Amino acid sequence: MQAVSGFRQPSVLPGFGLTLGFATFFLSAIVLLPLAALVLKTASMSWAEFLEVVLSPRALASYRLSFGASLVAALINTVFGFIVAWTLVRYDFPGRKILDAMIDMPFALPTAVSGIALTAVFAENGWIGQYLEPYGIKVAYTWLGVTVALTLIGLPFVVRSVQPSLLEVQRDLEDAAETLGATPLYIFRRIIFPTVVPALASGFTLAFARGIGEYGSVIFIAGNLPMKTEITPLLIVIKLEEFDYNGAAALGFVMLAMSFVMLLSINLVQAWARRGVVAARR
Amino acid sequence: MSITLDQVTKQYQGNPVVNDVSLAVAEGEFFVLLGPSGSGKSTLLRAIAGLTAADHGRIALFGRDVTQVSAREREVGFVFQNYALFRHMTVGENIEFALRVRRVKPAERARRRKELLELIGLPGMDDRLPTQLSGGQQQRVAVARALAHKPKVLLLDEPFGALDAKIREELRRTIRSVQRELGITTVLVTHDQEEAFALGDRLGVMNFGRLLETGRPTELYTRPATRFVATFLGAANLLLRREARSGSDLAPAGPEAQTDSPLRDRRDQEVVAMLRPEEAELAPDRDALRTTFLGYGHVEELQFTGALERLRIRMGLEGAARSSDGETSAMPPVWIDVTRTQPEQRAFPLASGQLVAVGTRRIHVLPTPLSSFTVCAESRESAARLMENPWLVDLTIRMQTRLSAQVEPLVAKDGASPVVAPAGVAVVTAGPDCPARVRRLLARGVTPVLCLPEDAAPPSRVIVHFAGQVARRATLAVTASLLRHVPAEAVFLGILPGDSSERTRTAGLRQLLDVRSEAQAGHGLDVRTELRLGERIEELLRELEAQPGQMLILGLPEPGSLPDSFEALLTQSPGWSVLLA
């Protein structure tokens, strides 16, 4: 085939130009423009002012909590989300459909509602909190609470990414591996897991990204003690309430940059890992 | 024997998918399991591999009972229809998989990989990914992967199913030569008879979960014992033929055609004859035939297919399977399929609608005692009701045979001319009048007789019981023939008096096992055995009443007579059918 242009061969359906233009316009208007405004707003500060805001101890503590809790929550979700997806795909049990539908609940629920519910359950006198209290484990109003809230809202991302790829693993492959002498553990490690890894990675990325941006559910359970349980989005809101728009924009810019770098690197790693599979699918 | 199956049974939701299959495959043999889809052949293969657990029965590989052994430890190679290659591994890694699992050293692994790639004709393909290969190449890799750990048995589940005709043939040749070179015992599952003939040292044909017949390809093709095998292995015309007591005008093809029961001599015998399309000869008239004359017919369809010409001849009244019985006959007009080679076509060119004489070079008479069904009733209405019974209709279609009716009064009137004895299996309505009907038929030498409730459903279980040993052989033949068309589990039920001594019990048990091995040897049919103690009729009734939808095949103690005590089995029947033989 002759390479006419640098673009991929367009599909038989007409309208490539129209759709590309539409997509670019929408992305610009809804995503890029506000982000550009944020950068511009930040640029109106001097370097000294900027550094003072973003490197203040309170800000540094909030980054640690926001990114740390999101990371832990996304890791937990990767493990448990995989198990949930596995159970839903591989086994048939009464109530499977209901459980499957419940997975999406955190998507639909206003995040504030989940935050209040979690606080009620994990508070010192709550349903679960009262049993943890004697062991000295405090969930509500600590970083643990933040992690729990982020785990709740991130779970559906992992489950929904992994489910289709688990369905795709053919039973025949497992049968083949078994006749070749592989143990169930070996089959899982060498046959099932490699086919699920890309989906698991994208589920992790989505859950992580969602965790960094989460606000509603966290502020209720976090307690919002400065330096301890204050997440960056909350700090931004506080700045806004103090009419410190420049400070808010500076913090927002830092979050934006860090999220972008992290998501980009995850995607790069994923693309590198997937190369074999992509080549295989071609 | 390298693979021994003993009464292997597998059920899915109560339906037997594999039904009492016993089989022995010799070392180094290429055995092909052939059957239509849903016949249980793949399930049986998976049971041999250990991928599916058998519900009942034993599986042994090289004398070692592996029934409870997992697939992992059975040391078999398995090839799947859709290749089932690991797509995230290269060809080399796929082939080495079994060796890696066994922690074989890298040097040895590489040596074996090279050896196998050469064996399947893909040297140097180690680093390709499976999806970079064509379907045929992928399946070759799958074969190499299955052979890497030097299994003692190679199992192939429709390995050519997903390939096109040309590649299929090429791969077929590769697999045959690999199998010969390694001398490995191989079982291949297919639904394609051409493939089965090309590959198999021996074939086994399955239908409804039962292994119907096993034998060498030529054996099964020329002398099938069952209708199913006759029609499944190539095209076949099944003809019903009445033979007089003193032989017939149709030359029997083999010793199977000889009558084996003295009872049969008392009336005209109806047999099922198989005529292969290529064994028919066409000529302008009877005198021009060089072979046995069968009848005249009109050419109805004519198809040119390259090497062969296919014809469909509608036989006239002089046709082979003319029905000469009773008042009504549900028999459709008889068609005969004929194929002719180019030289034959040149010698006698034909056009549609032309009248031709049909001759037969070779006819094979199937050894089945169930030739056709004749409903015997006192009124047209009851005959019609019985003829509409869905199970009977279904059975007739499955057996590709005729269902006709014969109406005559229960008590013959004086002066009424005796009607010809019904052909094949006589079917009567179960109920209070049933014993009288049965007696009248038996007196005229009609066997077997099927007593069917008007609303009878297909049986889920068939009980076989011999009240005497005289008619055992005939009953066994009837049983074997029926079970091949009924997807139900079956059991030989022996009943001994409750107060019988230890010695009688042992003898009874031995007799039962004798019956089983006789059925196995004579009909290739394996059936379970059970022994009961008690009064015969009571035990049978208890067994039949235990669950609905059962059928009893009863071997009568004296041929041609029905003891009074047996009447209860026929009159009390609310839902079961009884086949008296």
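Computed from a predicted structure; not experimentally measured.

Conventions and cut-offs
Residues numbered from 1 in each chain as written. Chains lettered and ligands numbered in written order. Predicted model: local features only at pLDDT ≥ 70, side-chain atom pairs only at ≥ 80, totals over all residues. Helix = DSSP H or I, 4+ residues; strand = E, 2+ residues; numbered from the N terminus. Buried ≥ 20, exposed ≤ 12 C-beta atoms within 10 Å, placed from the backbone. Contact = placed C-beta atoms within 7 Å. Core = buried A, V, L, I, M, F, W, Y, C linked by C-beta atoms within 7 Å. Domains from an automatic or database assignment. Nonpolar A, V, L, I, M, F, W, Y, C, P; charged D, E, K, R; others polar. Pairing = 2+ DSSP bridges. Axes fitted to C-alpha atoms, helices over the stretch in contact; angles between N-to-C directions. Bend = angle between axes of the 7 residues up to and from the residue. Right-handed = clockwise from strand over helix to strand, strands pointing away. Left-handed = near helix turned anticlockwise from the far one by under 90°.

### A look at the overall build of chain A
Within chain A, the secondary structure is distributed over 13 helices and 0 strands. Ordered by position from the N terminus, the helices and strands of chain A form the series α-α-α-α-α-α-α-α-α-α-α-α-α. Overall, chain A is about 65 × 65 × 30 Å in size when its C-alpha atoms are taken along their principal axes. Per-residue burial over chain A gives 31% buried out of 282 residues. Across chain A, the fraction of contacts at a sequence separation of at least 24, relative to all contacts at a separation of at least 6, is 78%.

### As for the overall build of chain B
When you go through chain B residue by residue, the secondary structure sums to 16 helices and 27 strands. Each of the three principal axes of chain B carries a C-alpha extent, and together these read 95 × 75 × 35 Å. Of the contacts made within chain B by residues no fewer than 6 positions apart, 74% connect residues no fewer than 24 positions apart.

### Things to note about the nonpolar core
Residues and elements named next belong to chain B. In terms of nonpolar packing, the biggest core is built from 104 residues, with Ile48, Ala142, Val143, Ala144, Leu155, Val187 and Val229 touching the most fellow members. No other element matches the 6 residues that helix α4 (residues 135-147) contributes to this core. The residue makeup of this core includes at least three contributed by each of domain 1 (3-229) and domain 2 (234-366). With residues near it in sequence (within four places) discarded, isoleucine 48 still touches Ile3, Ile59, Leu155 and Val187. In this structure, Ala430, Ile463, Ala471 and Leu483 belong to the second largest nonpolar core, which totals 66 residues.

### Let's talk about the interface of chain B and chain A
Tallying the contact residues gives 21 residues for chain B and 20 residues for chain A. If you list the elements that add at least two residues to the side of chain B that touches chain A, you get β6 (76-79) and α2 (91-101) of chain B. When the residues that make up the side of chain B that touches chain A are grouped by side-chain class, the tally is 12 nonpolar, 5 polar and 4 charged.

### Thoughts on the sheet that holds strand β22 (residues 449-452) of chain B
Residues and elements named next belong to chain B. Ordered by their spatial adjacency, 9 strands build an open sheet running β20-β19-β21-β22-β27-β26-β23-β24-β25, and the pairing between neighbours is mixed. Bordering the open sheet on either side are β20 (403-407) and β25 (528-533), each of which pairs with just one other strand. Within this sheet the neighbouring strands show an average axis-to-axis angle of 25°, counted without direction. Direction of pairing for strand β23 (residues 461-466) relative to strand β24 (residues 489-496): parallel, over a ladder of 4 bridges. When the bridges of β24 are listed, arginine 461 appears paired with glutamate 489.

### A short note on the sheet that holds strand β14 (residues 292-304) of chain B
All names here are of chain B. Strand order in the open sheet formed by 5 strands is β13-β17-β14-β15-β16, and the pairing between neighbours is antiparallel. Single-partner strands in this sheet number two, and they are β13 (280-283) and β16 (335-341). In this sheet, adjacent strand axes meet at a mean angle of 45° when their direction is disregarded. When β14 meets strand β15 (residues 308-315), the two strands line up antiparallel, connected through 7 bridges. If you follow glutamate 301 over to β15, its bridge partner there is arginine 312.

### Concerning unusual backbone geometry
Residues and elements named next belong to chain B. In the segment running from threonine 447 into proline 448, the intervening peptide bond is cis, with an omega of -10°. Backbone geometry places lysine 150, a non-glycine residue, at a positive phi of 50°. For lysine 150, a count of 12 C-beta atoms within 10 Å corresponds to the exposed category.

### Observations concerning the domain arrangement of chain B
In terms of domains, chain B is made up of domain 1 (3-229), domain 2 (234-366) and domain 3 (373-580). Secondary-structure elements contributing two or more residues to the side of domain 1 of chain B that touches domain 3 of chain B are β2 (15-25), β10 (210-215) and α8 (227-232) of chain B.

### What to know about helix α10 (residues 184-213) of chain A
Residue pairs spaced three or four apart in an α-helix point in one direction, given the helix's 3.6 residues per turn. Its maximal kink placed at phenylalanine 193 of chain A, α10 of chain A deviates by approximately 55°, while the proline proline 194 of chain A follows within four residues. Three or more residues of α10 of chain A are buried, namely Ile187, Ile191, Val196, Ala199, Leu200, Gly203, Phe204, Thr205, Ala207, Phe208, Gly211 and Ile212 of chain A.

### Let's talk about the pairing of strand β21 (residues 425-429) of chain B
Residue and element names in this part refer to chain B. Judged by how many residues are buried, β21 sits mostly within the fold: 5 of 5 residues are covered. The alternating pattern of β21 places Val425, Val427 and Thr429 on one face and Ala426 and Val428 on the opposite face, and all of these are buried. Taken together, the 3 bridges between strand β19 (residues 373-377) and β21 define a ladder with parallel strand orientation. Residue pairing across strands places threonine 374 opposite alanine 426, the latter belonging to β21. Since β21 and β22 lie parallel, the crossover through helix α12 (residues 434-443) that links them has a hand, and here it is right-handed.

### Some thoughts on the environment of arginine 210 of chain A
Residues and elements named next belong to chain A. You can see arginine 210 is positioned in helix α10. Judged by the 19 C-beta atoms lying within 10 Å of it, arginine 210 falls in the partly exposed class. Remark: the alpha-carbon pair of arginine 210 and leucine 35, spanning 175 residues in sequence, is separated by 17 Å. Leave out the neighbours within four places in its chain, and arginine 210 touches Ile153, Gly154 and Phe157.

### Some thoughts on the environment of glutamate 381 of chain B
Residue and element names in this part refer to chain B. In this fold, glutamate 381 is placed in helix α10 (residues 380-387). Its 10 C-beta neighbours within 10 Å are what place glutamate 381 among the exposed residues. Once the C-alpha coordinates of glutamate 381 and valine 407 are considered, the two residues, 26 residues apart in sequence, prove to be 9.7 Å apart.

### Observations concerning helix α1 (residues 41-49) of chain B
All names here are of chain B. Of all 9 residues that make up α1, 9 are buried, and the element is covered over most of its length. The complete set of buried residues in α1 reads Lys41, Ser42, Thr43, Leu44, Leu45, Arg46, Ala47, Ile48 and Ala49. Within two residues after α1, glycine 50 carries a phi angle of roughly 90°, on the positive side.

### Re the packing of helix α13 (residues 472-483) of chain B against helix α14 (residues 502-523) of chain B
Residues and elements named next belong to chain B. The N-to-C vectors of α13 and α14 enclose an angle of 60°; their axes lie 10 Å apart at closest approach. In this structure, α13 crosses over α14, and the sense of that crossing is right-handed. In contact with Arg472, Leu476, Ala477 and Ala480 of α13, α14 contributes Val515, Glu518, Ala519, Gly522 and His523.

### Regarding the pairing of β20 of chain B
Residue and element names in this part refer to chain B. In terms of residue burial, β20 counts as a mostly covered element, since 4 of its 5 residues are buried. Two elements, β19 and β20, share 5 bridges in a ladder whose sense is parallel. Bridge pairing links valine 375 to alanine 405 in β20.

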